[in-house]
Every structure is written in structure tokens, then in C-alpha cells.
Amino acid sequence: MRAARRAVRNIYGINNTQLDLLLFVEDEERFSQKYVLDNFVASALATRKDLPILIDKGYVFIFLEKKSAIGQPRYYRITTKGKLLVRHMYEMLEQKADIPYFQNTKKYIPYQK
């Protein structure tokens, strides 16, 4: 599992908390930041910091804008790009895809069993 997580982090340029957040919300149709803060096991600061980064990278998008007049929160949704990232991680874990071996460079060599 650790090798697959490392490979996904290096390929897609995200950190552990961002990967965990994507894995957490992957099966949710929509979610709010309050839902993530209440149910996701990470610090509130990390969650508030990482959600905008995932939006900027295109893994999550704003599904429904906040309506402050009636107190409705802003809702988010995982994008197809985010779902493909999660699927790639699961394929590595199920050994349907090769786990690349990363050296200190950005180039990678496919993992040999």
C-alpha cells in the first residue's frame, strides 16, 4: 500500500492528506466542507488548506455555491479527473497496474516483481 501511495503522490503531485481526502469523498455524490470537517480524520487546518488546492488542480469542483441568505453551505463534488486518480490507486493495489519505482528524478522505472 505504501508503494502505491508513494507512486500516486509522485505521479499526480499531491500530498498524503490530499490523497486521503480524495479517497474519503470518492463515493460521495456531493459534500460540504462541514461534512468533511466532521467526518474526516485530519486536522481542520489541513482540510481547509487542502480543499482549495484540490479545486485548483481540478480534482474537486464547486457543485453548488453558498447561499448565505438562507444559510446553505457550499457543496463540492469530485471530478472525473479525481475519480481516475482514485481508480488508478485501486488498480495498483489490486495489481492490475504496475507500481512505478521512483528514484530521485521525476522519471520513473516500472516496478519489476
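Look up: the structure comes first, before these words.
Attention here is on the structure that accompanies the text. (Residues numbered from 1 in each chain as written. Predicted model: local features only at pLDDT ≥ 70, side-chain atom pairs only at ≥ 80, totals over all residues. Heavy atoms only, no water.)

Moving on to the sheet that holds strand β2 (residues 60-64). The three strands are arranged β1-β3-β2 in an open sheet whose pairing can be described as antiparallel. Each end of this open sheet is capped by a strand with a single partner; those strands are β1 (31-32) and β2. Note: β2 against strand β3 (residues 75-78), four bridges, orientation antiparallel. By the bridge assignment for β3, leucine 64 is matched with tyrosine 75. (Pairing = 2+ DSSP bridges. Helix = DSSP H or I, 4+ residues; strand = E, 2+ residues; numbered from the N terminus.)

To continue, consider the nonpolar core. A general trend in soluble globular proteins is that nonpolar side chains are found buried together. Leu21, Leu22, Phe31, Val60, Leu85 and Met92 are the most contacted members of the largest nonpolar core, which totals 23 residues. Elements with a minimum of two residues in this core: α1 (2-12), α2 (16-25), α4 (44-57), β3 and α5 (80-93). Apart from residues no more than four positions distant in its own chain, leucine 85 is found in contact with Val8, Tyr12, Ile14, Leu19, Leu22 and Tyr59. (Core = buried A, V, L, I, M, F, W, Y, C linked by side-chain atoms within 4.5 Å. Buried < 20%, exposed > 50% of the residue type's maximum accessible area, 1.4 Å probe, protein only. Contact = heavy atoms within 4.5 Å.)

Another point: the pattern of salt bridges. Scanning all chains against the criterion turns up five salt bridges. With its nearest N and O atoms 2.8 Å apart, the salt bridge here joins arginine 5 to aspartate 20. With arginine 5 in helix α1 and aspartate 20 in helix α2, the pair connects residues that are 15 residues apart, well separated along the chain. A relative accessible area of 14% means that arginine 5 is categorised as buried. Put simply, lysine 34 and aspartate 38 hold a salt bridge, and the shortest N to O gap is 2.8 Å. You can see lysine 34 and its partner aspartate 38 sitting in helix α3 (residues 33-39), four residues apart, about one turn around the helix. You can call aspartate 38 exposed: its relative accessible area is 51%. (Salt bridge = Lys/Arg side-chain N within 4 Å of Asp/Glu carboxyl O.)

Attention shifts here to a nonpolar patch on the surface. On the surface, Met1, Tyr90 and Leu93 cluster together into a nonpolar patch covering about 300 Å² of accessible area. Relative to the elements of secondary structure, methionine 1 occurs in the segment before α1. For methionine 1, a relative accessible area of 60% puts it in the exposed group. (Patch = residues over 30% accessible without salt bridge, like charges linked within 9 Å, V, L, I, M, F, W, Y side chains within 5 Å. Areas by Shrake-Rupley, 256 points an atom, 1.4 Å probe, with all protein chains shown as cover.)

Attention now moves to the environment of leucine 54. Mapped onto the elements, leucine 54 comes out in helix α4. The class of leucine 54 is buried, set by a relative accessible area of 0%. A sequence separation of 35 residues divides leucine 54 from leucine 19, and the C-alpha atoms of the two residues are 9.5 Å apart.

This part is about the environment of proline 100. Checked against the element boundaries, proline 100 lands in strand β4 (residues 100-102). Sequence spacing of proline 100 and arginine 6 is 94 residues, and the spatial spacing of their C-alpha atoms is 9.3 Å.

Our focus in this paragraph is α2. Of the positions making up α2, those classed as buried are Gln18, Leu19, Leu21, Leu22 and Val25. All buried residues of α2 fall inside an arc of 160° around its axis, so they share one side. Where α2 begins, the capping side chain belongs to asparagine 15, and its oxygen is found 3.2 Å from the backbone nitrogen of threonine 17. (Arc of directions from axis to C-beta. Polar contact = N/O pair within 3.5 Å; in protein donor to acceptor, adjacent residues only side chain to side chain.)

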